[in-house]
Amino acid sequence: MTQLLVFREHLQKFYQKYTSFLNLLFRFLIGFIAFSSVNRMIGYHTMFNRISVELLLAAGSMLMSGSVLLFFTAGFCVVHIFYVSRVLAMVIAVIFLIIYFGYAKFVPKHAYIIFAVPIAIPLHIAYGIPIIVGLVMTPVAIVPISFGVGIYYFLQAVKSVVSVSNDSSINLYQAVLQQFFACREMYVMLVVFALVTIIVYILRNREWDFVFEIAIIAGAVSNIILFLVINYLFNIDMKAIPFLMGTVCSALGAWFVQFMRLALNYAGVENLQFEDEEYYYYVRAVPKMNVAAPSKRVKRINARHFSERMPSLKEEKDKTKNLDEN
Amino acid sequence: MVNEEKLRIMTQIALDETKRHKTEIKEGGYYKLDYIRAHIISVVWNLTLAYVLILFLIALYNADYIFVNVASLEYDRLGFIVLGIYVGILVLGILFSYFHFKKEYAKNLFILKGYYTNLKKLDEFYTQNQNKEETGDDTIIGV
């Protein structure tokens, strides 16, 4: 554990040292992941579905703030769909506007969750989002998670309808919407993600030792059980190995986030009791774990180097050498 | 000479104004009721826009049906339902935002306390400097 804490300290110091450079790098990576995910999902426009365009846009996203990047990603989706159907492009643009005016404008931070979910689902790491959200937010965050899941399955419906139809009229929109509402996997994901968020949120508010770790494990286990049971009941096929691997990786990712955010020393718990005029208090104080990272200083002892730097010493050394020879 | 304490306070103020509490400082000049009212108006406007867009999507989905039955549609009933849902959404939105922004206002006040304390400290620095300049012996004795 001490090693991990030292590692955390080193990581924090490293980040503090190169903040401006690392921030740019993270923005580039986030931009690249976002644009390449859109390209992999609905990359219809041949001009934009290129690695060079993804790199160029990712480089551009280094200069953008988070909200501008979200706007550009949404615009990128609309441009791709516009290439296939103007009606569908208008519909998806209207859906983004509804999400913006109806929700994201009031809670701008939740907009990041909305966009993180559709990007994380194909990578099988979306299972970590309800766990992390349950750890750091309130159950209200179920709303942006649901929007994110909805966007992903809407784009999937667009993809599957467009692949079998040459129509570009309103009928295409109707077909997409019918497919979207008939998608049982979406409902399963919505229910499971909402339940996992609530379970993690309830558990992390308990007064137990290692409560965050317990909440993460409970979240991952309930995620696996709920998905398997509901999918079995509704006869939905799922790839078990990527799902299990994704859940384990997500749980590890959630633990890492939690560890970097807050590490508590449960061995040093103190239970206090005191009173004032109105109440009698039972207080449980858990100290935070903090370890000062040892700074390594290498002291070089090199006689030759030393004598070269000190001319007087060198002369003295030469003299004694001559005397010995004589 | 550079005054470290003054520099520290100025850095804190600059950080508060440009990054940490930009919105809170911008909205800090409002009275409680005005603050809540302004936000509720914004909520009503945004919810209305979102609702109109949802209606547009529903109408687009049922475009064929609407064009065929444009003469026989029950507009009174339809209007009642559309308006009823709109009013319901607005009432819920206003209620929720009233309590939410009331809480936000209290939170903002707490945040602004620190900012104003720093401003006061900085003001004291300048007043001290001014007093020093005024009391300093800079009288010119005539020949």
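None of the values given here were measured: they were computed from a predicted structure.

This part is about the overall build of chain B. Secondary structure summary: chain B contains five helices and zero strands in total. In chain B, the succession of α and β elements from N to C terminus is α-α-α-α-α. Scaling as 2.2 N^0.38, a compact globule of 143 residues should have a C-alpha radius of gyration of about 15 Å, whereas chain B reaches 29 Å, well beyond that. Expressed as lengths along the three principal axes of its C-alpha atoms, the size of chain B is roughly 105 × 30 × 25 Å. Counting every position in chain B, which comprises 143 residues, the buried fraction comes to 6%. Long-range contacts, defined as pairs at least 24 residues apart, comprise 90% of the intrachain contacts of chain B with a sequence gap of at least 6.

Here we come to the overall build of chain A. Regarding its fold elements, chain A presents 14 helices and two strands. Computed over C-alpha atoms, the radius of gyration of chain A comes to 28 Å, more than 25% over the 20 Å expected from 2.2 N^0.38 for 326 residues, which places it beyond the range of a compact globule. By principal-axis analysis of the C-alpha atoms, chain A measures approximately 105 × 65 × 40 Å. In chain A, which comprises 326 residues, the proportion classed as buried is 30%. Long-range pairs, those at least 24 residues apart, make up 70% of the contacts in chain A between residues at least 6 apart in sequence.

Before going further, it helps to examine unusual backbone geometry. Positive phi, close to 50°, is recorded for A:Phe210, a residue that is not glycine. Position of A:Phe210 relative to the elements: it lies in the loop between helix 10 (184–204) and helix 11 (211–233).

Okay, the interface of chain A and chain B next. Listed as interface residues are twelve residues of chain A and, on the opposing side, twelve residues of chain B. Of all elements in the fold, only helix 5 (86–104) and helix 9 (170–181) of chain A reach the threshold of two or more residues within the side of chain A that touches chain B. Take the side of chain A that touches chain B: its biggest share by element is six residues, from helix 5 of chain A. Each residue belonging to the side of chain A that touches chain B can be placed in one class, and the counts come to nine nonpolar, two polar and one charged.

In this section: the nonpolar core. One finds A:Leu88, A:Ile114, A:Val117, A:Ile129, A:Ile131, A:Ile145 and A:Val158 to be the most contacted residues of the largest nonpolar core, which totals 77 residues. The biggest single contributor to this core is helix 8 (residues 142–164) of chain A, with 13 residues.

The next point concerns helix 10 of chain A. Each α-helix turn comprises 3.6 residues. Residues three or four places apart therefore point the same way. Residue and element names in this part refer to chain A. Its 21 residues give helix 10 an end-to-end C-alpha distance of 30 Å, which sits within 8% of 30 Å, the value for a rise of 1.5 Å per residue. Among all positions of helix 10, only Val188, Met189, Val192, Phe193, Val196, Thr197, Ile199, Val200, Tyr201, Leu203 and Arg204 are buried. Lining the buried residues of helix 10 we find helix 7 (128–136), helix 8 and helix 11.

With that settled, consider the packing of helix 8 of chain A against helix 10 of chain A. All names here are of chain A. Packing of helix 8 against helix 10 brings their axes to within 10 Å, and their N-to-C directions diverge by 160°. Taken together, the axes of helix 8 and helix 10 are roughly antiparallel relative to one another. Judged by the twist between their axes, the crossing of helix 8 over helix 10 is right-handed. Where helix 8 approaches helix 10, its residues Ile142, Ile145, Ser146, Val149 and Tyr153 are matched on the opposing element by Met186, Met189, Leu190, Phe193, Ala194 and Thr197. In terms of residue class, the contact of helix 8 with helix 10 is made up of nine nonpolar, two polar and no charged.

By domain assignment, chain A separates into domain 1 (2–263) and domain 2 (299–326). Placing the centre of domain 1 of chain A and that of domain 2 of chain A at their C-alpha centroids yields a distance of 67 Å.

All names here are of chain A. Given a rise of 1.5 Å per residue, 23 residues ought to cover 33 Å, and the 32 Å separating the end C-alpha atoms of helix 11 matches this to within 8%. The set of residues buried in helix 11 consists of Phe212, Ala215, Ile216, Gly219, Ala220, Asn223 and Phe227. Its buried side turned inward, helix 11 meets helix 7, helix 10 and helix 12 (240–261). The positive-phi residue at the C-terminal boundary of helix 11 is Asn235, with phi of around 60°.

Let us now look at the confidence of the model for chain B. Keep in mind that low pLDDT regions are not for reading the predicted coordinates in detail. Residues and elements named next belong to chain B. Looking at chain B as a whole, the pLDDT averages 86, with 93% of positions reaching at least 70. Ranking the elements of chain B by mean pLDDT puts helix 2 (residues 22–26) last with 81 and helix 3 (residues 32–61) first with 93. On the interface metric, ipTM, the complex scores 0.74, and its pTM is 0.80.

Moving on: the pairing of strand 2 (residues 280–285) of chain A. All names here are of chain A. Burial analysis of strand 2 places just zero of its six residues in the buried class, a small minority of the element. In this structure, strand 1 (residues 270–275) lies alongside strand 2, joined through six bridges in antiparallel fashion. Note that in strand 2 the partner of Leu272 across the bridge is Val283. Between the antiparallel neighbours strand 1 and strand 2 lie four residues.

The next thing to look at is the environment of B:Leu57. Mapped onto the secondary structure, B:Leu57 falls in helix 3. When the 16 C-beta atoms within 10 Å are taken as the criterion, B:Leu57 is described as partly exposed. Separated by eleven residues in the primary sequence, B:Leu57 and B:Val68 have C-alpha atoms spaced 18 Å apart. When sequence neighbours within four positions are dropped, the list of residues in contact with B:Leu57 reads A:Val91 and A:Val94.

Attention shifts here to the confidence of the model for chain A. With 91% of its residues at a pLDDT of 70 or more, chain A shows a mean pLDDT of 87. Per-element mean pLDDT across chain A ranges from 55 in helix 13 (residues 303–309) of chain A up to 95 in helix 10 of chain A.

Residues and elements named next belong to chain B. By secondary structure assignment, the location of Arg8 is in helix 1 (residues 4–20). Residue classification places Arg8 among the exposed positions, given that 12 C-beta atoms sit within 10 Å. Considered as a pair, Arg8 and Asn118 are 110 residues apart in the sequence and their alpha carbons are 9.7 Å apart.

So, on to the packing of helix 4 (residues 66–84) of chain A against helix 6 (residues 110–120) of chain A. All names here are of chain A. The contact between helix 4 and helix 6 brings their axes to 11 Å, and the two run at 40°. Taken as axis vectors, helix 4 and helix 6 run oblique relative to one another. Between helix 4 and helix 6 lies a crossing of left-handed hand. Contacts between helix 4 and helix 6 involve Gly66, Ser67, Leu70 and Thr73 on the former and, on the latter, Ala111, Tyr112 and Phe115. Tallied by class, residues from the contact of helix 4 with helix 6 come to four nonpolar, three polar and no charged.

Rules and cut-offs
Per chain, residues are indexed from 1 in the order of the written sequence. Note on labels: chains are lettered from A, ligands numbered from 1, in written order. With the structure being a predicted model, the display of local features is reserved for residues of pLDDT at least 70 and the display and counting of side-chain atom pairs for 80 or more, all residues being used for whole-chain, interface and lining totals. Going along the chain from the N terminus, every DSSP run of H or I of four or more residues is numbered as a helix, and every run of E of two or more is numbered as a strand. Note that the radius of gyration is over C-alpha atoms, with the globule rule given as 2.2 Å times the number of residues to the power 0.38. In this scheme the burial state of a residue depends on its C-beta neighbours within 10 Å: 20 or more other such atoms mean buried, 12 or fewer mean exposed, and anything in between means partly exposed; the C-beta positions come from the backbone. Contacts here follow a simple rule: the backbone-placed C-beta atoms of the two residues must lie within 7 Å. Only Asp, Glu, Lys and Arg are considered charged, only Ala, Val, Leu, Ile, Met, Phe, Trp, Tyr, Cys and Pro nonpolar, and every remaining residue, Gly among them, polar. As used here, a nonpolar core is made of buried Ala, Val, Leu, Ile, Met, Phe, Trp, Tyr and Cys residues. They are joined through C-beta atoms within 7 Å. A helix is expected to reach a length of 1.5 Å times the quantity of its residues less one. Interaxial angles span 0 to 180 degrees and are taken between N-to-C directions of axes, which are lines fitted to C-alpha atoms, for helices over the stretch in contact. Relative orientations are named as follows: roughly parallel for angles under 35 degrees, roughly antiparallel for angles over 145 degrees, roughly perpendicular for angles from 65 to 115 degrees, and oblique for any other angle. By convention the crossing between two helices is left-handed if the near helix lies anticlockwise of the far one by an angle smaller than a right angle, and right-handed if it lies clockwise. Segmentation of the chain into domains, including their bounds, is taken from an automatic or database domain assignment. The quantity called pLDDT is the predictor's confidence in a given residue, expressed from 0 to 100. Two strands pair under a simple rule: DSSP has to find at least two bridges between them.

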